[in-house]
Amino acid sequence: MMAIAAVIMVAAFLLLTFLLLLSAASSYASSGNEWKTAYMVGKFLNAEPPKPDQIFKIQYRVVNGTVEDFGVSQEVDGYLISNSIAVKVKSRDSGKGVLEINFPRNFPYTSSMSGGGNFHFFANDQDIIADVTAKTDCFYTLKAPFTGSTEIELVMPSILIKSPYHGDKVDDSCTTQTVVSDVPTREDGTISPLHQFRAGVAAGDILCREKLELVIDPAGKPYCAMQHTAKILKERWNLQQG
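Residues numbered from 1 in each chain as written. Predicted model: local features only at pLDDT ≥ 70, side-chain atom pairs only at ≥ 80, totals over all residues. Heavy atoms only, no water.

(A) Expanded view of the side chain of Ser 163. With respect to the element layout, Ser 163 can be found in the loop between β9 (149-156) and α2 (175-178). Overall, the relative accessible area of 9% leaves Ser 163 in the buried class. Every residue in contact with Ser 163, bar those within four places of it in the chain, is listed here: Leu 45, Asn 46 and Ser 111. (Helix = DSSP H or I, 4+ residues; strand = E, 2+ residues; numbered from the N terminus. Buried < 20%, exposed > 50% of the residue type's maximum accessible area, 1.4 Å probe, protein only. Contact = heavy atoms within 4.5 Å.)

Right, dumping it as structure tokens:
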């Protein structure tokens, strides 16, 4: 009987230990400390010779806080493209948190010949000091401090002349870490909404061709349509107009 009791006590101890470890792991995961991956279309606008679009992997996490939303905003306007990332974060216990982004150096983030990490951070629409100088062979490591609930925007400014968009020259070994492979492109080098979606791009982050509007159906599938058609689809699907 004593042996059975001892076995039961050991089993109970092991179960309790497992539950505590599981709880700690869950707490760690919800804190945002683990790296997550978002996907973003890289458009080599004005490149000569033309270069097809690619889908890049953006890694991000928050130290001492949580990521409540992570979204990409891109818009093509003639020979210019605006690229930005918007992140809603919240620090733990209203203390100080840090948003970290590993941004692929080979992403076409600038049309400036100088390049070299052309990034700006804004927190709640105010310019903030951020470390954009740290880099590895494949990534820029961008860090932005914040306190409490904060909306942080990472902006990649463009020069207002027609110039090729490009990233940094990196070793070929970086490709597997930074780019989604085997994504089909159309004849003009763009990637269809469906293939962007299948490659990991969030439905709300799909990049449409110029003059087309993004519409997401009730099942979460993205479409790019002319403005008039987009309006009809939104009415048909009872979607909010915008």
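(B) Looking closely at the environment of Thr 147. As for its position among the elements, Thr 147 is in strand β8 (residues 139-147). For Thr 147, a relative accessible area of 52% puts it in the exposed group. In sequence terms Thr 147 and Gly 65 are 82 residues apart; their C-alpha atoms lie 9.2 Å from each other. When neighbours within four sequence positions are excluded, Thr 147 is seen to be in contact with Ser 91, Ser 94, Gly 95 and Lys 96.

(C) A look at the sheet that holds strand β5 (residues 96-104). Overall, antiparallel pairing links the four strands, which are arranged β1-β2-β5-β8 in an open sheet. Either end of the sheet is taken by a strand with one partner, and the two such strands are β1 (36-42) and β8. Sheet twist, expressed as the average angle between the axes of neighbouring strands with direction ignored, equals 25°. Bridge count for β1 against strand β2 (residues 54-63) is seven bridges, and the pairing is antiparallel. Looking at the pairing, Val 41 lines up with Ile 55 of β2. (Pairing = 2+ DSSP bridges. Axes fitted to C-alpha atoms, helices over the stretch in contact; angles between N-to-C directions.)

(D) Representation of the packing of aromatic side chains within the structure. Counting across every chain of the model gives eight aromatic pairs. Ring centres 5.1 Å apart and planes at 70° place the aromatic pair Phe 56 and Phe 107 in the edge-to-face group. Placement of Phe 56 in strand β2 and of Phe 107 in the loop between β5 and β6 (120-123) is noted, with a sequence separation of 51 residues between them. For Phe 107, a relative accessible area of 0% puts it in the buried group. Ring plane angle 85° and centroid distance 6.0 Å describe the contact between Tyr 109 and Tyr 140, whose orientation is recorded as edge-to-face. Of the two residues, Tyr 109 is situated in the loop between β5 and β6 and Tyr 140 in strand β8; the sequence distance between them amounts to 31 residues. On the basis of relative accessibility, which here comes to 0%, the residue Tyr 109 falls in the buried class. Residue classification places Tyr 140 among the buried residues on the basis of a relative accessible area of 2%. Above the face of the Phe 44 ring, Lys 51 is positioned so that its terminal group lies 4.1 Å from the ring centre. (Phe/Tyr/Trp six-rings, centres within 6.5 Å; stacked < 30°, edge-to-face > 60°. Lys NZ or Arg CZ within 6 Å of the ring centre and 35° of its normal.)

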